[in-house]
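Remarks on the overall topology
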Amino acid sequence: MSRPRLMIPGPIEFTDEVMAQMARPTPSHVDPSFIEVFGQALEDLRKVFLAGPDYQPFILAGSGTLAMDSAVANLVEPDDRVLVVDTGYFSQRMADIVRRYGGEVTLLSAPPGETITPDQLRDALAQADYDLVTITHVDTSTGVLTDVRGMTAVAKGAGALVIVDGVCAAGAEELRQEDWGVDVYLTASQKAIGVPPGLALLVASPGAMAKWLGRATPVGSYYSDWNHWLPIMEAYEARKASYFGTPAVNLIMALGVSLRQILDEGLENVFVRHKRLSDAVKAGIAALGLSQVPTDHAHAAHTLTCPRYPEGVDARLLKFVREEGAILAGGLHPAIKTEYFRIGHMGAVSRSDVLTVLGAVEAGLRRAGYAVEPGIALAAAQAELA
Ligand SMILES: *Cc1c(COP(=O)(O)O)cnc(C)c1O
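Predicted model, so just to flag it, every value in this text is computed and none were measured.

This brings us to the side chain of aspartate 86. With respect to the secondary-structure elements, aspartate 86 resides in strand S3 (residues 81–86). Look past the residues within four positions of aspartate 86 in its chain and what remains in contact with it is Ser91, Gln92, Leu107, Leu108, Ser109 and Ala110.

Here it is in structure tokens:
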């Protein structure tokens with residue numbers, strides 16, 4: 001029997017080319033061939049975020065949480081005032097990290113399934129002065145998409161730096177880091193970027209680097225400190241050997257392949273493909289009579305879908321769906337954890353994945369005792385894709 005498709009919000013299904021690269025013999029981290037791959041990956045990461053040559057990329061061994069830690073450890077000083085735009089589980093984690101480095105957190109919280117609008121942010125920023133605003137581009141616990149462009153414009157207007165957690169968005173959702181003025185945009189390898197777990201990826205603006213350079217206090221984390229990593233990133237980009245901590249060599253080789261695949265498809269095409277496939281999944285879920293956690297289609301992410309279980313169905317559904325061909329994730333937001341499940345559709349996702357997952361959900365629902373007309377979700381998705 002073929003293996004079920006992994007359709008959770010990360011890790012995702014990776015391309016054959018990426019997996020083949022992972023299997024190659026590990027070169028020395030100072031081998032000229034690897035130096036070239038690392039240098040090119042740094043340049044391509046900037047391109048994928050649509051950031052100019054004066055933006056500084058970092059590629060670190062670690063998960064997305066390390067990317068968050070790296071941004072905050074370097075940009076937040078004790079007593080800095082940080083407004084955390086809170087759209088769910090990962091915004092709360094960002095707040096915890098800011099507190100750990102001595103920042104003073106104010107939460108601007110949306111109820112589960114809602115987002116925060118630029119107008120709400122403007123009102124909050126009028127109440128006090130903030131050094132920094134953090135935003136979660138796609139909240140993976142609710143499937144909510146936040147208007148990073150509008151929010152960043154408001155935050156910059158109020159003189160704050162902006163950190164965006166794009167772990168469930170980069171490489172899928174529209175992002176124009178430089179045009180939009182985002183100071184640090186960060187992600188991890190295993191989501192839409194399309195590389196097995198283990199890389200933390202960040203790109204910092206000249207303004208972010210200036211705030212870091214102007215610090216009055218040392219960075220409170222040894223591993224995350226950009227004093228260690230900036231010279232390394234600069235060296236590899238200049239195609240020179242350098243060492244602080246051994247880079248994740250095979251993962252970086254695979255990253256080189258996946259960033260190239262994204263750029264070869266074209267970013268605009270990548271954004272449109274994710275929108276279309278997401279609309280098809282959401283149409284299929286709606287046809288099954290299931291509602292979704294985001295309260296409005298206009299602020300629903302294109303990287304995942306968060307359907308609510310129908311009456312009489314619970315998390316046992318996921319076991320049936322797995323047997324029908326797709327691995328899905330359960331709920332994550334603590335307030336509504338048992339009420340919904342999550343379908344990831346990002347990265348190298350295709351029409352056939354969409355049809356596979358909807359077919360599996362349909363069959364799973366029937367086995368869970370929920371009556372659905374055979375083919376109804378697939379028909380709705382096909383109509384959306386036509
Ligand atoms: C997955 C995710 C993270 C955490 O990434 P890890 O690689 O699991 O540490 C952070 N933020 C968002 C929005 C995520 O989706």
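Let's pick the thread back up.
If you trace the seven strands from one edge of the open sheet to the other, you get S2-S10-S9-S8-S5-S3-S4, paired in mixed fashion. The open sheet is flanked by strand S2 (56–61) and strand S4 (104–109), the only strands paired with a single partner. The average undirected angle you get between the axes of adjacent strands in this sheet is 20°. In this structure, strand S9 (residues 184–188) lies alongside strand S10 (residues 199–204), joined through five bridges in antiparallel fashion. Directly across from tyrosine 185, in S10, lies its bridge partner valine 203. Seen against the sheet, helix H2 (residues 32–48) touches S2 and S10 and runs at an angle of roughly 120° to S2. Contacts from helix H10 (residues 249–265) reach S2 and S10, with the element oriented near 60° to S10.

Here we come to unusual backbone geometry. One can expect most non-glycine residues to show negative phi and most peptide bonds to be in trans. Cis geometry is found at the peptide bond from glycine 10 to proline 11, where omega equals -5°. Inspection of the secondary structure puts proline 11 in the loop between strand S1 (5–6) and helix H1 (16–22). Despite not being glycine, arginine 239 shows a phi value in the positive range, around 60°. Relative to the helices and strands, arginine 239 resides in the loop between helix H9 (226–237) and H10.

Another aspect to go through is the state of the cysteines. Per the counting criterion, the structure on display carries zero disulfides. Free of any disulfide, cysteine 168 has its nearest cysteine sulfur in cysteine 306, 8.7 Å distant.

As assigned here, the chain comprises domain 1 (5–10 + 266–385) and domain 2 (16–265). The C-alpha centroid of domain 2 is placed 28 Å from the C-alpha centroid of domain 1. Between domain 1 and domain 2, a total of about 2,400 Å² is buried, with carbon and sulfur atoms accounting for 62% of that surface. It is Leu267, Phe271 and His299 in domain 1 that bury the most area against domain 2; as a group they hold 23% of the surface buried on that side. Summed over the shared surface of domain 1 and domain 2, the number is two salt bridges. The residue arginine 176 makes a salt bridge to glutamate 268 at a minimum N-O spacing of 2.9 Å. Linking domain 1 with domain 2 are 15 residue pairs in polar contact (both at pLDDT 80 or more), by the criterion used here. Broken down by element, the side of domain 1 that touches domain 2 gets its largest block of residues, seven residues, from helix H11 (residues 267–287). For the side of domain 1 that touches domain 2, a count of residues per class yields 16 nonpolar, ten polar and three charged.

To continue, consider the sheet that holds strand S13 (residues 329–330). Taken together, the three strands give an open sheet; going across it, the order is S11-S14-S13, and neighbouring strands pair in antiparallel fashion. Both edges of this open sheet fall to strand S11 (304–305) and S13, since each of them pairs with a single strand only. Relative to strand S14 (residues 341–344), S11 is paired through two bridges, and the arrangement is antiparallel. By the bridge assignment for S14, threonine 305 is matched with isoleucine 343.

This part covers the nonpolar core. Grouped together as the largest cluster of nonpolar side chains are 109 residues, with contacts concentrated most on Phe58, Ile59 and Leu121. For this core, the element with the most residues is H10, which contributes ten residues. Those residues in contact with phenylalanine 58 that sit more than four places away from it in its chain are Leu45, Ala200, Leu201, Leu202, Ala204, Met209, Trp226, Trp229, Leu230 and Met233. In terms of nonpolar packing, the next biggest core, distinct from the first, is built from 28 residues, Leu318, Val321, Ala377 and Leu385 among them.

The rules behind these values
Residues numbered from 1 in each chain as written. Predicted model: local features only at pLDDT ≥ 70, side-chain atom pairs only at ≥ 80, totals over all residues. Heavy atoms only, no water. Helix = DSSP H or I, 4+ residues; strand = E, 2+ residues; numbered from the N terminus. Contact = heavy atoms within 4.5 Å. Pairing = 2+ DSSP bridges. Axes fitted to C-alpha atoms, helices over the stretch in contact; angles between N-to-C directions. Disulfide = S-S within 2.5 Å. Domains from an automatic or database assignment. Buried area = accessible area lost by both parts, 1.4 Å probe. Salt bridge = Lys/Arg side-chain N within 4 Å of Asp/Glu carboxyl O. Polar contact = N/O pair within 3.5 Å; in protein donor to acceptor, adjacent residues only side chain to side chain. Nonpolar A, V, L, I, M, F, W, Y, C, P; charged D, E, K, R; others polar. Core = buried A, V, L, I, M, F, W, Y, C linked by side-chain atoms within 4.5 Å. Buried < 20%, exposed > 50% of the residue type's maximum accessible area, 1.4 Å probe, protein only.

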